[in-house]
Amino acid sequence: MEAEEQSEWGPKAWAYLSSVRKQSPLIQCITNFVSMDLTANTLLSAGASPAMLHSSNEIPDFTPQVHALYINVGTLSDNWLPAMKLAAELASKSNKPWVLDPVAAGASSFRLRACLDLISLKPTVIRGNASEIMALANASVGSTKGVDSSHESIDAVEAAKCLANSSGAVVAVSGAVDFVTDGKRVVGARNGVPMMQKITATGCAVTALIAAFVAVDQSQALEATASALAVFGVAGEMGMEIAKGPASLRMHLIDSLHGLDQSAVISRVKITTS
Amino acid sequence: MEAEEQSEWGPKAWAYLSSVRKQSPLIQCITNFVSMDLTANTLLSAGASPAMLHSSNEIPDFTPQVHALYINVGTLSDNWLPAMKLAAELASKSNKPWVLDPVAAGASSFRLRACLDLISLKPTVIRGNASEIMALANASVGSTKGVDSSHESIDAVEAAKCLANSSGAVVAVSGAVDFVTDGKRVVGARNGVPMMQKITATGCAVTALIAAFVAVDQSQALEATASALAVFGVAGEMGMEIAKGPASLRMHLIDSLHGLDQSAVISRVKITTS
Amino acid sequence: MEAEEQSEWGPKAWAYLSSVRKQSPLIQCITNFVSMDLTANTLLSAGASPAMLHSSNEIPDFTPQVHALYINVGTLSDNWLPAMKLAAELASKSNKPWVLDPVAAGASSFRLRACLDLISLKPTVIRGNASEIMALANASVGSTKGVDSSHESIDAVEAAKCLANSSGAVVAVSGAVDFVTDGKRVVGARNGVPMMQKITATGCAVTALIAAFVAVDQSQALEATASALAVFGVAGEMGMEIAKGPASLRMHLIDSLHGLDQSAVISRVKITTS
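Since the model is a prediction, treat every value here as computed from it, not as a measurement.

Now for the pairing of strand β8 (residues 186–189) of chain C. All names here are of chain C. Pairing between strand β7 (residues 178–181) and β8: four bridges, direction antiparallel. Bridge pairing in β8 places Phe179 opposite Gly188. The hairpin formed by β7 and β8 contains four residues between the paired strands, and Gly183 there has a positive phi angle of roughly 105 degrees. As paired strands, β8 and strand β9 (residues 271–272) are joined by two bridges and run antiparallel to one another. Following the sheet pairing, Ala189 is matched in β9 by Ile271.

On to the interface of chain C and chain B, then. Counting residues at the interface gives 29 residues for chain C and 28 residues for chain B. When chain C packs against chain B, close to 2,400 Å² is buried across both sides, 56% of that on carbon and sulfur atoms. The interface formed by chain C and chain B contains two salt bridges. Taking the shortest distance from any N to any O, the salt bridge between Arg111 of chain C and Glu58 of chain B comes out at 2.6 Å. Connecting chain C to chain B are seven residue pairs in polar contact (both at pLDDT 80 or more). For the side of chain C that touches chain B, the elements supplying multiple residues, two or more each, are α5 (109–119) and α10 (246–259) of chain C. If you tally residues by element for the side of chain C that touches chain B, the top one is α10 of chain C, at five residues. Residues of the side of chain C that touches chain B, tallied by class, amount to eleven nonpolar, eleven polar and seven charged.

The subject of this paragraph is the sheet that holds β7 of chain C. Residue and element names in this part refer to chain C. If you walk across this open sheet you meet the nine strands as β2-β1-β3-β4-β5-β6-β7-β8-β9, and the pairing is mixed. The open sheet has two edge strands, β2 (49–51) and β9, and neither has a second partner. Both strand β1 (residues 26–30) and β2 contribute to a ladder of three bridges, which runs parallel. In the sheet register, Gln28 faces β2, and the bridge partner there is Ala51.

Moving on to the pattern of salt bridges. For the structure on display, the rule yields 30 salt bridges over all chains. Here Arg185 of chain B ties to Glu223 of chain B by a salt bridge, and the two come within 2.9 Å at their closest N and O atoms. Here Arg185 of chain B, found in the loop between β7 (178–181) and β8 (186–189), pairs with Glu223 of chain B, found in helix α9 (residues 221–240); they are 38 residues apart in sequence, far enough to count as distant. Owing to a relative accessible area of 42%, Arg185 of chain B belongs among the partly exposed residues under this scheme. Among the residues examined, Glu223 of chain B registers a relative accessible area of 7% and is labelled buried. Each of the salt bridges in this network shares a partner with another, and the network as a whole consists of Asp37 and Arg250 of chain A, Asp37 and Arg250 of chain B together with Asp37 and Arg250 of chain C.

Cut-offs applied
Residues numbered from 1 in each chain as written. Chains lettered and ligands numbered in written order. Predicted model: local features only at pLDDT ≥ 70, side-chain atom pairs only at ≥ 80, totals over all residues. Heavy atoms only, no water. Pairing = 2+ DSSP bridges. Helix = DSSP H or I, 4+ residues; strand = E, 2+ residues; numbered from the N terminus. Contact = heavy atoms within 4.5 Å. Buried area = accessible area lost by both parts, 1.4 Å probe. Salt bridge = Lys/Arg side-chain N within 4 Å of Asp/Glu carboxyl O. Polar contact = N/O pair within 3.5 Å; in protein donor to acceptor, adjacent residues only side chain to side chain. Nonpolar A, V, L, I, M, F, W, Y, C, P; charged D, E, K, R; others polar. Buried < 20%, exposed > 50% of the residue type's maximum accessible area, 1.4 Å probe, protein only.

Below, the structure written as structure tokens:
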């Protein structure tokens, strides 16, 4: 019944994007150096308000005021980890949603440990590629080849369900299809184009978008997550229609995200529960 | 008498840009992680020579050689603050102009304190949005919503005059109109397009451009500041004529800044003393 | 006999690029904040797999798994230097190629010392501009004007030979012509366009590309280095045909690098031994 499902999900995704544009939620981002530009521009293009603050000196003042927190361990160091934990704790305590991107979780035992510690602080959503989610579910190092996935997302669905059940988070696994699960339900977000993987930080950027979508409706994190993944994918599809390569795709994707209208979202969003 | 004023300011702005292109001033930037790429590309496109050096180990060797210093507290941490202070001190001592961008000054007491400490080191120019300038003038936390302004620049003009008088700096307040004051005179730079606010780090980038303009003529910091704001705004207007969204505007803005010729600057620059 | 030489070098350069696309080598990058985005996108567009990991906590786990290491001192600090050294040591010990970009080597004695220490850890390739290579060969501060070169690459060829002989590295000097030497042979890579110097981090990006080319054939580092420089230059030339300024050139360059085909590489690569 994909057609029927689409007619539900399209308006849902549009409602999330519209709310973000209207409410302009403030999203604190503690993210890696590579992705800061694209992440901030993705949030701005979607109508949200990004703030890159990572110092423990100001997190106690600032984090309680934000609408959602986004943590990404891409360029992790022991300098930054305490601030990540402090912000996550404060977000959890003040009942703000927070979203984790466990980049390259299996690349080292330091990184795996850091991710597991962060997960114990109750993220609302975790989004990674198949290798990252499998490393976290198995608490094992070595299944990640750098930041790119060496597994298909379909292989990671069972791992994602385990991780969702053990952590209480909604877990998303990116791949040709993006799967999102709360441990029971699994939905597949089927938008996007392969060339998005040739642009650095698109995964980081879409996780930030998830934070913005969750910020406007924390009660349905699975729906918000699937919608954000699909909307970003739609922007990529529309960008791909005029792109000549990965760098022009990056530009057109952001332009498209900014310009997305109701009919494009409703007609293009493909989310299924199959 | 706007027409007459324009005929004064256009050639003045063009003279500044021409000097930057000819002299290629070396601008040390201690800026936030988000803005480094756009800041460096803005300076290069204007003909200046950016250098991102932030280590206290080399500031004593390097800062005395630069033509201007740019400090931006966007992703402030207690690691970086001592280097910012050291560089500002050295610039002041060696009579080099330096420019401060007090990003999100009111976001935390740590950040506000840091900005006020930096201001005590005698910046030549301070440029912020209305919320930031008001937080600094009132020395108060909480009026800032992240890095985006929640006030109009017109509301901040009185605050800017106070800050200019107390600090000795020229103060610029960005908004629909950018106001620049030395505490007595106020000029309004009226170029630019609203979509520039949907691109991360445009504020940071134009503050760097101010540093380049001040580098070639420190004696008239108000004129240099207004000219830099207007020139950047003109590049934005020209970019907007062919942009399809914020990401293409970012590209066309930089291309336009690089290609600006005398007639475009003279005919488009709008600076008024009203 | 340039024509004959080209008929050798074109297929050689194409073979390197094809190998990178096929093997997708994992390149660890410990690079400056300004260049991370362009560096990662350059590697992805060429078919390599970038990983920006810089923490000493995970280098012992991670570096032995990579195919090449890239170190760039652009935004050096004493926080990052030990990690750079540790990674370089591990790469050398495990016989992995590693490539150094000594950005602004002569800007301070701290930076010069750091670069010389890194060079003692046996880089496979060093690529810098004329000022940087001359500072290193002479072990002297002050010949660098920030990050931009104040010397022509031809002046630095003798310095490059000295440095190659003393360090055991292949040394490349970027300029209007890029010269590459192993201390005996000197080849000139003659592709590229002047406007590439108006884009921040193109030098950093091409050094990362050298790391990717060396990763697929460590035995011929001079050939791999010259090929990477030429291929990047070809992408710049093709980008320039449709660019309107430095920002659109940046985009078209990456698109072109991604789309390069055999005939473009073979017909355009200009490498000479004269």
